[in-house]
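So you can see what is in the structure, the chains are spelled out below.
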Amino acid sequence: MNKYLFIIVTLLFFSCNNSKNKSETTTVETLNSPEEVSENNVSETEIRKSLEDFIPKNYVAFDTIYGDLNKDNLEDCILIIKGTDKSKFIKDDYRGELDRNRRGIIVLFSTNNSYELAVKNYECFSSENEDGGVYFAPELSVEIEKGNLKVHYGHGRYGYWSYTFRNQNNDFELIGYDSSNNRGPVVESDVSINFLTRTKITNENTNKDDEGGDEIFEKTVTKINKSKLLKLSEIKDFDQLEVLE
């Protein structure tokens, strides 16, 4: 009996040992698999060679702006994109067919012959074919000025308003707002807000007989309570944006 018992125990020992070795070998192979461990998994989704590779499905490039946005002396890029949904095309009695697809923005940093995604917001701008009522709708332009990203709305004889964003905190944050309320060539008032210093400057034209160029401004400086800076990536609609909410 002892002889047979010894043989059975020996067989069980070698069987368990082989199973253990197989398990260890499989584990090592899994850990070393290049599909599981890749240093470029994150960067491959954020860095691409071509600008077109960043444009999402069902969108097209509407405008392209170049300039340095992160002070590295490289030419970064801002893509303005536009949707292509056919259901957003309408018929206007006076203007014919209008494309009312919304527009968005993609900010890309230049890096070693490639581009890295900085910020994206696919639908924050209305279309260029909105109804302006008795006057044309405000005209959107996006610019790079002194390293900052500026969203500017020009409204002809009625004036303008603009938003200044700076690259910080892994986004582009709103640091300034400027507007001018005009009556033809006459500036009725203008406003400048610095969100970093929390200062609002208002200039009111007190010359009611001004015909343009003879404005007499009364300046008022006030402090604002807003402390959290708006992020470009989180703005749903610039048409509804209230900077002092």
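For the structure given in this document, a descriptive report is provided here.

What counts and how
- Residues numbered from 1 in each chain as written.
- Predicted model: local features only at pLDDT ≥ 70, side-chain atom pairs only at ≥ 80, totals over all residues.
- Heavy atoms only, no water.
- Helix = DSSP H or I, 4+ residues; strand = E, 2+ residues; numbered from the N terminus.
- Buried < 20%, exposed > 50% of the residue type's maximum accessible area, 1.4 Å probe, protein only.
- Contact = heavy atoms within 4.5 Å.
- Salt bridge = Lys/Arg side-chain N within 4 Å of Asp/Glu carboxyl O.
- Phe/Tyr/Trp six-rings, centres within 6.5 Å; stacked < 30°, edge-to-face > 60°.
- Lys NZ or Arg CZ within 6 Å of the ring centre and 35° of its normal.
- Pairing = 2+ DSSP bridges.
- Core = buried A, V, L, I, M, F, W, Y, C linked by side-chain atoms within 4.5 Å.
- Axes fitted to C-alpha atoms, helices over the stretch in contact; angles between N-to-C directions.

**Some points on the overall build of the protein chain**
Piece 1. Broken down by element type, the protein chain carries two helices and 14 strands.
Piece 2. Burial status across the protein chain gives 36% buried among its 245 residues.
Piece 3. Taking contacts inside the protein chain between residues at least 6 apart in sequence as the whole, the part at least 24 apart equals 43%.

**Quick look at the pattern of salt bridges**
Piece 1. Summed over the entire model, instances satisfying the criterion amount to six salt bridges.
Piece 2. We note a salt bridge from lysine 82 to aspartate 99, for which the minimum N-O separation is 3.8 Å. Of the two residues, lysine 82 is situated in strand S3 (residues 76–83) and aspartate 99 in strand S5 (residues 96–99); the sequence distance between them amounts to 17 residues. Each member of the pair, lysine 82 together with aspartate 99, is buried.
Piece 3. For glutamate 173, the salt bridge goes to lysine 231, with nearest N and O atoms at 2.8 Å. With glutamate 173 in strand S11 (residues 171–183) and lysine 231 in the segment after strand S14 (217–223), this residue pair connects regions lying 58 residues apart in the sequence.
Piece 4. The exposure class assigned to glutamate 173 is buried, which follows from its relative accessible area of 5%.
Piece 5. Via salt bridges that share partners, Lys82, Asp99 and Glu128 belong to a single interconnected network.

**Here's the deal with the packing of aromatic side chains**
Piece 1. By the definition in use, this model includes nine aromatic pairs.
Piece 2. Considering the side-chain rings of tyrosine 153 and tryptophan 161, the 5.7 Å spacing of their centres and the 20 degrees angle between planes classify their relative orientation as stacked.
Piece 3. Tyrosine 153 gets classed as buried once you look at its relative accessible area, which sits at 5%.
Piece 4. Feature note: the residues Phe125, Tyr163, Phe165, Tyr177 and Phe238 constitute an aromatic cluster, connected by ring pairs.
Piece 5. The ring of phenylalanine 62 carries arginine 103 above its face, with NZ or CZ at 5.2 Å from the centroid.
Piece 6. The residue whose ring lies beneath arginine 157 is tyrosine 135, and the NZ or CZ to ring-centre distance is 4.9 Å.

**Focus on the sheet that holds S3**
Piece 1. Taken together, five strands build an open sheet; the order of strands is S1-S7-S6-S3-S2 and the sheet is antiparallel. The strands lining the two open edges of the sheet, one partner per strand, are strand S1 (47–48) and strand S2 (59–67).
Piece 2. Pairing of strand S6 (residues 103–111) with strand S7 (residues 114–125), which is carried by eight bridges, proceeds in the antiparallel orientation. Counterpart to leucine 108 in the pairing with S7 is leucine 117.

**Some points on the nonpolar core**
Piece 1. If you look at the biggest cluster of nonpolar residues, it comprises 30 residues, and the most contacted ones within it are Ile105, Leu149, Tyr163, Phe165 and Phe238.
Piece 2. If you list the elements that add at least two residues to this core, you get S3, S6, S7, strand S8 (139–145), strand S9 (148–154), strand S10 (159–168), S11 and strand S12 (186–194).
Piece 3. Among residues more than four places away in sequence, those in contact with phenylalanine 238 are Cys124, Phe125, Val151, Tyr153, Tyr163, Phe165 and Leu232.
Piece 4. Among the nonpolar cores identified, the runner-up in size contains ten residues, and Leu51, Ile106, Leu108 and Tyr115 belong to it.

**Details of the sheet that holds strand S13 (residues 199–205)**
Piece 1. The seven strands lie next to each other as S8-S9-S10-S11-S12-S13-S14, forming an open sheet whose pairing is antiparallel. With partners counted over all chains shown, the strands left at the sheet margins are S8 and S14, one partner each. Each strand axis lies, on average, 15 degrees off the axis of its neighbour in the sheet, ignoring direction.
Piece 2. Inspection of the sheet shows S12 paired to S13 by six bridges, in the antiparallel sense. Each bridged residue has a counterpart across the sheet, and for aspartate 190 the counterpart in S13 is asparagine 203.

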